[in-house]
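# Observations on chain architecture
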Amino acid sequence: MFCFQCQETSKGTGCTRVGVCGKTSEVANLQDLMIYALKGISQLATKADEIGLEIEGLDRFIVDGLFMTITNANFDRERFLEKIREALVKREEIEKILLEKNVDLSNLSDYASFRVNTDDDIIYKSNSEEVGVLSTKDEDIRSLRELITYGVKGMAAYYEHAHNLGFENKEIPKFMRKALSMITDDSLTVDELVKLTLETGEHGVKAMALLDEANTTTYGNPEITEVNIGVRNNPAILVSGHDLKDLEELLIQTQGTGVDVYTHSEMLPANYYPAFKKYDNFVGNYGNAWWKQNEEFEKFNGAILFTTNCIIPPKESYKDRVYTTGSSGYPGFKHIPDRKGDNPKDFSEIIEHAKRLPVPTEIETGKIVGGFAHAQVFALADKIVEAVKNGDIKKFFVMAGCDGRMKSRNYYTEFAQALPKDTVILTAGCAKYRYNKLNLGDINGIPRVLDAGQCNDSYSLALIALKLKEIFELNDINELPIAYNIAWYEQKAVIVLLSLLSLGVKNIHLGPTLPAFLSPNVAKVLVDNFGIGTIKDVESDIEYFLA
Ligand code: SF4
Ligand code: SF3
């Protein structure tokens, strides 16, 4: 195996024997083969696109396959074996359609033509040199190919959530196919790949806009909300991950059962949506960011549902009460199957299971405040603009992104604490758990930490910046008093970053370390063109940002 797609990659260079995330070498290789097969499918599908042929079910298939390979989403070897087999069936289907249309398929690449029959064949192929990341020898080309792949993975995750709510924008999966196919083309130069990277960012914006539309149309605009972080005395289910549709169906199916529902980690922002407030068994949020799950799931006592990443290898003490659904999976966890047609998922098993389990142990009490997505912030715009004009707010700090287990991430807590009292933090994603319980106070009633929502709601932060640019009549988004100090961990943060770059945001600082997959030359392109930087220490960084 060789994997360097996330921030916690071994030694800051790459996981080679087992993932720091807990991914086995076998699953890492299967994920590589999954991507390899999707590239082959994409090569064929772009031929179909060229002649305006639509292949039914293909968008969903590719999006799900990409999502399964995101860090901490799926560790289940059986699911990957099955999905790779399905990929080859899909590939044959497309091939057949193209041949019927007399498309020339005489020169297919290995991506589009390799064959495997048994599980052993699949494992053998997944181990071969041409499949993995290191098969691209030139480090700059490899770096760009992977940067694009990870961006597309993040885009796929966001697209899948929108799609689950019945929202589509065909242009997005079409771009994914194009990008996956183009990065297999050895004739592409560094410059062409840089261009494709920027295009990936543009489509990232479209994917986040689509998801925003899907979420707000379906569930209303997030609004200022005090979220309970304590517990009640009923058996319960803890929902983690990012998929709101899953949460909604679970809330409906738990009505009248005596089972409460809580959010964990990235599901916290669900509490901000008006549509979920009507469920009186929806209690609030339990715990913190994903990496604390070992400890927190143990204490929760009830059943746990993962709708997406981030899963970490479980402890024996709770592993029999965890369920996955959608693209997520873990060997030994029970998996709740997909929707069939318009029918909702069947959550009866997890609900029955929860009834038999003890009530949650309280680990915190009180409330946290959030719900500052674009509409809510626009509603407060007068107040915010006034505070900026009279100097009560000197600067905004976008501190969106991911949290992670590395000690070095204490930086973000210390940074938030050390910021002057006339600054406001704009956040989204699980990065917020580093400072959302610090009670940093408010400025004229505006909380100093404004949480827009999940990582995909970083889109809201971009809209807010664009709105302020308009109000202050500026020519460039970079003239605003906004600094970007973003924490990253997995591939959704990659698409958020590429999206911000495509919107023209400059001088983004990325930490706690720069991605291992950026070669020195590619990193230089990002530094020279976009002023990308990383973090040093709290004191000098604050000084730098405020200068
Ligand atoms: Fe390592 Fe991250 Fe890849 Fe897991 S996802 S194997 S921790 S680089
Ligand atoms: Fe967090 Fe995994 Fe990225 Fe959606 S839940 S932000 S790390």
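In this report, we go over the structure that sits alongside the text. Every value quoted in this text rests on a predicted model; they were computed, and no experiment measured them.

The strand order across the open sheet formed by six strands is β13-β10-β9-β14-β15-β16, and the pairing between neighbours is parallel. A strand with exactly one partner marks an edge of an open sheet, and here the two such strands are β13 (449-451) and β16 (533-534). Of the strand pairs in this sheet, strand β10 (residues 423-427) and β13 are connected by three bridges, and their pairing is parallel. Pairing of T427 across the sheet is with D451, part of β13. Against the sheet, helix α14 (residues 410-418) contacts β9 (395-398), β10, β14 (482-487) and β15 (508-511), and its axis sits at roughly 155 degrees relative to β14.

Spatial ordering of the open sheet is given by β4-β3-β2-β5-β6-β7, a layout of six strands whose pairing is parallel. Where the open sheet ends on each side, the last strands, each with one partner, are β4 (282-285) and β7 (334-336). Each neighbouring strand pair of the sheet contributes to a mean axis angle of 25 degrees, computed without reference to strand direction. Across three bridges, strand β6 (residues 322-325) lies against β7 in parallel orientation.

This part covers the packing of helix α1 (residues 25-50) against helix α3 (residues 77-100). In the contact formed by α1 and α3, the axes pass within 10 Å of each other and the chain directions differ by 15 degrees. Classed by the angle they form, the pair α1 and α3 counts as roughly parallel. Considering how the two elements wind past one another, α1 and α3 form a crossing that is left-handed. Facing E26, V27, L30, Q31, L33, M34, A37, I41, L44, A45, K47 and A48 of α1, the residues of α3 in contact are R77, F80, L81, K83, I84, A87, K90, R91, I94 and L98.

The next thing to look at is the site of ligand 2. Near ligand 2 the following residues occur: H242, E266, W290, N309, C310, G401, C402, C430, C455, Y489 and E490. The residue makeup of the shell around ligand 2, split by class, is six nonpolar, three polar and two charged.

Right, let's talk about helix α11 (residues 348-355) for a bit. The complete set of buried residues in α11 reads I350, I351, H353 and A354. Down the axis of α11, the buried set is contained in an arc of 160 degrees. They therefore lie on one face. The inward-facing, buried residues of α11 abut β2 (236-240), α9 (244-254), β5 (303-306), β6 and β7.

Here the focus is the packing of aromatic side chains. Here the distance between the centres and the angle between the planes together describe a pair of aromatic rings. One pass over the structure, following the stated rule, counts 24 aromatic pairs. Arranged with centres 5.5 Å apart and planes meeting at 80 degrees, the rings of F297 and Y318 form a pair that is edge-to-face. In this pair, F297 sits in helix α10 (residues 293-300) while Y318 sits in the loop between β5 and β6, placing the two residues 21 residues apart along the sequence. Y318 gets classed as buried once you look at its relative accessible area, which sits at 1%. A centroid spacing of 6.0 Å and a plane angle of 90 degrees characterise the contact between F415 and F545, whose relative ring orientation is edge-to-face.

Bringing the site of ligand 1 into the picture now. What surrounds ligand 1 is the set M1, C3, F4, Q5, C6, T9, C15, G19, V20, C21, K23 and T71. Looking at the shell around ligand 1, its residues break down into seven nonpolar, four polar and one charged.

With burial as the criterion, each face of β9 is covered, one bearing K395 and F397 and the other bearing F396 and V398. Sheet topology note: the β9/β10 ladder contains four bridges and is parallel. Its bridge partner lying in β10, F397 is registered against I425. Viewed along the sheet, the connection from β9 through α14 into β10 turns out right-handed. Sheet analysis places β9 next to β14, joined by three bridges and oriented parallel. By the bridge assignment for β14, F396 is matched with I482.

Now for the nonpolar core. Counting residues in hydrophobic clusters, the biggest one holds 170 residues, and the most contacted among them are I237, F276 and I350. If you tally residues by element for this core, the top one is α1, at twelve residues. Filtering out sequence-adjacent residues up to four positions away, F276 remains in contact with Y219, L244, L247, E248, L251, A270 and F282. In this structure, L419, A431, L440 and F545 belong to the second largest nonpolar core, which totals 18 residues.

Reading guide: rules and limits
Residues numbered from 1 in each chain as written. Chains lettered and ligands numbered in written order. Predicted model: local features only at pLDDT ≥ 70, side-chain atom pairs only at ≥ 80, totals over all residues. Heavy atoms only, no water. Pairing = 2+ DSSP bridges. Helix = DSSP H or I, 4+ residues; strand = E, 2+ residues; numbered from the N terminus. Contact = heavy atoms within 4.5 Å. Axes fitted to C-alpha atoms, helices over the stretch in contact; angles between N-to-C directions. Parallel < 35°, antiparallel > 145°, perpendicular 65-115°, else oblique. Left-handed = near helix turned anticlockwise from the far one by under 90°. Near = heavy atom within 4 Å. Nonpolar A, V, L, I, M, F, W, Y, C, P; charged D, E, K, R; others polar. Buried < 20%, exposed > 50% of the residue type's maximum accessible area, 1.4 Å probe, protein only. Arc of directions from axis to C-beta. Phe/Tyr/Trp six-rings, centres within 6.5 Å; stacked < 30°, edge-to-face > 60°. Right-handed = clockwise from strand over helix to strand, strands pointing away. Core = buried A, V, L, I, M, F, W, Y, C linked by side-chain atoms within 4.5 Å.

So, to be careful, I would describe these as geometric facts and stop short of saying anything about function.
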